[in-house]
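Here's the letter readout for the chains.
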Amino acid sequence: MSNLLEHQVEIIEDHSKGNFIQHIYPKRIPVVLRGISIGPCVKKWTPDYLSSVPGSEKDVKIHVSPSHQMDFINKNFAYRTLPFSEFVKRAAREKHEEYFFTEDEKYYLRALGDDPRKDVADIRKQFPALASDIFIPEYFEPEKFFSSVFRISSANIQLWTHYDVMDNFLIQVTGRKKVILFSPRDANYLYLQGDKSEVLDVDNPDSEKFPEFVKARRYCCLLEPGDTLFIPAMWFHNVKSLDFAISVNVFWKHLEEHLYDSKDTYGNKDPLPVGRAMQILDRALKTLKELPEEYQDFYARMMVSKIQTKAYKS
Ligand SMILES: O=C(O)CCC(=O)C(=O)O
Ligand SMILES: [Fe+2]
């Protein structure tokens, strides 16, 4: 059975900065901004063009997967390195003469910083010859900018459901993507392992293994070239490219600077107070273990109820 509740993500035709800031952003719900001028990239970024621009001989680290559904639990994909130009050519084709595993393997690039442990991805730094082709909506203060990430994928590859901790514009440049989102409030139904959901097949979930999943409300949209999807921080997203697809996503900081982990280069490390709160919770749980199980159970329920009353937003 698929999810009981399904919503279409609203498509906003009045994509002006004023409307976004005043009426859309404060709601913190995903929307598709349609009709923004995102620049010449929509027409210009063909596989031939991308694989011939200066700098395209540079190596990139990519995910390679024989399956159309990447599985982080059973690791059915591998990291490999190819020159950007060769990667683009392969990702644009469905069958390959040269391949790592199978002739119809799929490719996925999530661009990284020059030194991924220290630097964030920034299309202006890693792909300077391409950066001026894309106009990033200036709907947030420039000092709040965190990263801009090139994402290039083969047709028919699906990335697992996950959340990020920054606000995000996912700009669709070429090809189409189907995006399914879930609210942070439905996190309990998503069978999380850290920032990722164990439910890989969101269209056909295994109802014996994941009985609660149907309770999560599914928000859907189909991104077309030129669309920009606003993904608020902590909203889960599952992205499937229907065609060879090029996107750029821009993360920016919604919270005050000091709340973010300064070692986070991906935009997916929980804000610093979360780490501290989790440590305290672990200590509280360990302390409860001084009691017999029956008491642990009773007092744990009291603690859950206290968390619900004091910390849940109504
Ligand atoms: O478009 C994709 O492939 C994934 C996008 C994503 O995860 C993001 O923008 O945070
Ligand atoms: Fe993401």
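Figured I'd write up the structure that's included with this text. (Residues numbered from 1 in each chain as written. Chains lettered and ligands numbered in written order. Predicted model: local features only at pLDDT ≥ 70, side-chain atom pairs only at ≥ 80, totals over all residues. Heavy atoms only, no water.)

1. Details of the overall build of the protein chain
Quick note on the threshold: A helix here means a DSSP run of H or I that spans at least four residues, while a strand means a run of E at least two residues long, and both kinds are numbered starting from the N terminus. We compute the radius of gyration from the C-alpha atoms alone; for a globule the expected value is 2.2 Å times N to the 0.38, where N is the number of residues. Think of it in three bands: with a 1.4 Å probe and only protein chains considered, a residue is buried below 20% of the maximum accessible area for its type, exposed above 50%, and partly exposed in between. Every residue pair with non-hydrogen atoms within 4.5 Å of one another is taken to be in contact. Residues scored as positive are Lys and Arg, those scored as negative are Asp and Glu, and His as well as the terminal groups of each chain are ignored. Each charge is placed at NZ for Lys, CZ for Arg, CG for Asp and CD for Glu.
Along its length, the protein chain carries 8 helices and 16 strands. Expected size for 314 residues packed as a compact globule is a radius of gyration near 20 Å; at 21 Å, the protein chain falls within 12% of this value. Dimensions of the protein chain, computed from the C-alpha atoms along their principal axes, are close to 65 × 50 × 40 Å. Within the protein chain, the fraction of its 314 residues that count as buried is 46%. Taking as baseline every contact in the protein chain between residues at least 6 positions apart, the subset at least 24 positions apart corresponds to 76%. Across the protein chain, 43 positive and 46 negative side-chain charges occur, with their mean positions spaced 3 Å apart.

2. Concerning the coordination of the iron ion (ligand 2)
For clarity, the cut-off: Any nitrogen, oxygen or sulfur atom within 2.8 Å of a metal ion counts as a donor, with the limit raised to 3.2 Å for Na, K and Ca, and since water is left out, coordination shells can look unfinished.
Here the iron ion (ligand 2) is held by His-162 (NE2), Asp-164 (OD) and His-237 (NE2), and the distances to it run 2.1 to 2.2 Å. Each donor residue of the iron ion (ligand 2) lies on the same chain, and together they follow the pattern H-x1-D-x72-H. Residue Asp-164 is located in the loop between strand E8 (157–162) and strand E9 (167–174), and its partner His-237 is located in strand E15 (residues 236–241); the two are separated by 73 residues in the primary sequence. For Asp-164, a relative accessible area of 8% puts it in the buried group.

3. What to know about a nonpolar patch on the surface
What counts is decided by this rule: Patches were defined on residues exceeding 30% relative accessible area and lacking a salt bridge, with like-charge contacts within 9 Å and nonpolar side-chain contacts (Val, Leu, Ile, Met, Phe, Trp, Tyr) within 5 Å. Computed with a 1.4 Å probe, the accessible areas rest on the Shrake-Rupley method; for each residue, only the protein chains presented here act as cover. Only one rule defines a salt bridge in this text: a Lys or Arg side-chain nitrogen within 4 Å of an Asp or Glu carboxyl oxygen.
Together, Met-278, Leu-281, Leu-285, Ile-307 and Tyr-312 make up a nonpolar patch on the protein surface, roughly 470 Å² of accessible area in all. It is helix H7 (residues 272–288) that provides the largest number of residues to the nonpolar patch, a total of 3 residues. With respect to the secondary-structure elements, Tyr-312 resides in the segment after helix H8 (293–311).

4. Some remarks on the sheet that holds strand E3 (residues 31–33)
Worth spelling out the cut-off: Only when DSSP finds a minimum of two bridges between them are two strands counted as paired. A fitted line through C-alpha atoms serves as each axis, taken over the contacting stretch for helices, and the angle formed by two N-to-C directions is quoted from 0 to 180°.
With mixed pairing, 9 strands are arranged side by side in an open sheet as E2-E3-E14-E9-E16-E7-E6-E4-E5. Each edge of the open sheet is held by one strand with a lone partner, namely strand E2 (10–12) and strand E5 (78–83). Within this sheet the neighbouring strands show an average axis-to-axis angle of 25 degrees, counted without direction. Of the pairings in the sheet, the one linking strand E7 (residues 145–153) to strand E16 (residues 245–252) comprises 8 bridges and is antiparallel in character. The residue bridging Ser-148 from the neighbouring strand is Val-250, located in E16. Sheet strands in contact with helix H1 (residues 17–24) are E2, E3, E9 and strand E14 (228–231), and its direction is about 170 degrees off that of E3. Against the sheet, helix H4 (residues 84–92) contacts strand E4 (59–65), E5, strand E6 (106–110) and E7, and its axis sits at roughly 115 degrees relative to E5.

5. Topic: the site of ligand 1
Basically, it comes down to this: It suffices for a single heavy atom of a residue to lie within 4 Å of a molecule or strand for the residue to be listed as near it. For the purposes of these results, a polar contact is taken to be a pair of N or O atoms within 3.5 Å, where, inside protein, one atom must be able to donate a hydrogen and its partner to accept one; residues adjacent in sequence count only when each atom of the pair is a side-chain atom.
Taken together, Tyr-108, Arg-151, Leu-159, His-162, Asp-164, Asn-168, Leu-170, Lys-177, His-237, Val-239, Asn-249 and Phe-251 are the residues near ligand 1. With respect to ligand 1, the side chain of Asn-168 contributes an N or O atom lying 2.9 Å from an oxygen atom. Here an oxygen atom of ligand 1 sits 2.7 Å away from a polar atom, N or O, in the side chain of Lys-177. Notes on ligand 1: free accessible area 300 Å², of which the protein chains cover 99%.

Just geometry here; none of it tells us what the structure is for.
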